[in-house]
Amino acid sequence: GAGVSQSPSNKVTEKGKDVELRCDPISGHTALYWYRQSLGQGLEFLIYFQGNSAPDKSGLPSDRFSAERTGGSVSTLTIQRTQQEDSAVYLCASSGRIDYNSPLHFGNGTRLTVT
Amino acid sequence: GIQVEQSPPDLILQEGANSTLRCNFSDSVNNLQWFHQNPWGQLINLFYIPSGTKQNGRLSATTVATERYSLLYISSSQTTDSGVYFCAVGTGRRALTFGSGTRLQVQP
């Protein structure tokens, strides 16, 4: 597509439920990143993919968080047993190969609210 | 990991004024990018600038990699420039690390 697409744009869920967030990167971009941003804060790195593999998962805050990417395209970030501290905007970005250091392009994010 | 410091944290300008935003980083990098997050939360890539100087309209950026800093210049500011400006740096195959941002408010 023309830009990075994320869905849903907003998600309200009850504490303890599982959620899935989706990212569709720019066509042809092989690197895909997940960040999250709490209210008024900077961006916190979660995980990135080069193709379908995830060389760096160091930012995932706990084992309740997981992500996968299939077909070198769409990625899903799953949060199990959501907690109130998971409330944030989850941002996805894509670029050319990470070692080519090409510009990052972000989607509009998914605003997650855990009640 | 690499540390990124941005200054000033907050900046208020009158429309038409010029400003300089600074980004310091703690280690050698081969990837540095500037982003603008508008009041609606959209993040727009302004510059990919691991070294040297680039200009795009009223915005320009300079990175002095050997001294570990980058500067973003905004000239003749407009109200649409308001938002948060982020610097992000990276090395090798590591994902970008973001600074905490400079929040800019341009008043009419």
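Preceding this section is the structure that the text describes.
Residues numbered from 1 in each chain as written. Chains lettered and ligands numbered in written order. Predicted model: local features only at pLDDT ≥ 70, side-chain atom pairs only at ≥ 80, totals over all residues. Heavy atoms only, no water.

(A) Focus on the interface of chain B and chain A. Of the residues lining the interface, 18 residues belong to chain B; the matching set on chain A comes to 22 residues. Regarding the contact of chain B and chain A, the summed buried area is about 1600 Å², with carbon and sulfur atoms giving 51% of it. In terms of surface lost to chain A, no three residues of chain B exceed B:Leu43, B:Arg93 and B:Phe98, which account for 32% of the buried area on that side. Seen at the junction of chain B and chain A, the total is zero salt bridges. Between chain B and chain A we count six residue pairs in polar contact (both at pLDDT 80 or more) in total. Counting residues per element, the ones that place at least two in the side of chain B that touches chain A are strand S4 (31-37) and strand S5 (43-48) of chain B. (Contact = heavy atoms within 4.5 Å. Buried area = accessible area lost by both parts, 1.4 Å probe. Salt bridge = Lys/Arg side-chain N within 4 Å of Asp/Glu carboxyl O. Polar contact = N/O pair within 3.5 Å; in protein donor to acceptor, adjacent residues only side chain to side chain. Helix = DSSP H or I, 4+ residues; strand = E, 2+ residues; numbered from the N terminus.)

(B) The side chain of B:Gln33, seen in detail. Along the chain, B:Gln33 turns up in strand S4. Given a relative accessible area of 0%, B:Gln33 falls into the buried group. Side-chain polar atoms of B:Gln33 contact the backbone oxygen of A:Ser102, separated by 3.3 Å. Among all residues touching B:Gln33, those that are not within four sequence positions of it are A:Ser102, A:Pro103, A:Leu104, B:Asn45, B:Phe47, B:Tyr48, B:Phe86, B:Cys87, B:Ala88 and B:Leu96. (Buried < 20%, exposed > 50% of the residue type's maximum accessible area, 1.4 Å probe, protein only.)

(C) Broad picture of the pattern of salt bridges. Residue and element names in this part refer to chain A. Under the definition given, this model contains four salt bridges over all chains. Residue Glu44 pairs with Arg36 through a salt bridge whose shortest N-O separation is 2.8 Å. Here Asp86 and Arg64 are joined by a salt bridge, their closest N and O atoms 2.8 Å apart. You can see Asp86 sitting in the loop between strand S8 (75-79) and strand S9 (88-95) and its partner Arg64 sitting in the loop between strand S6 (53-56) and strand S7 (65-69), a full 22 residues away along the chain. Residue classification places Arg64 among the buried residues on the basis of a relative accessible area of 12%.

Geometric descriptors of this kind do not, in isolation, establish any biological role.
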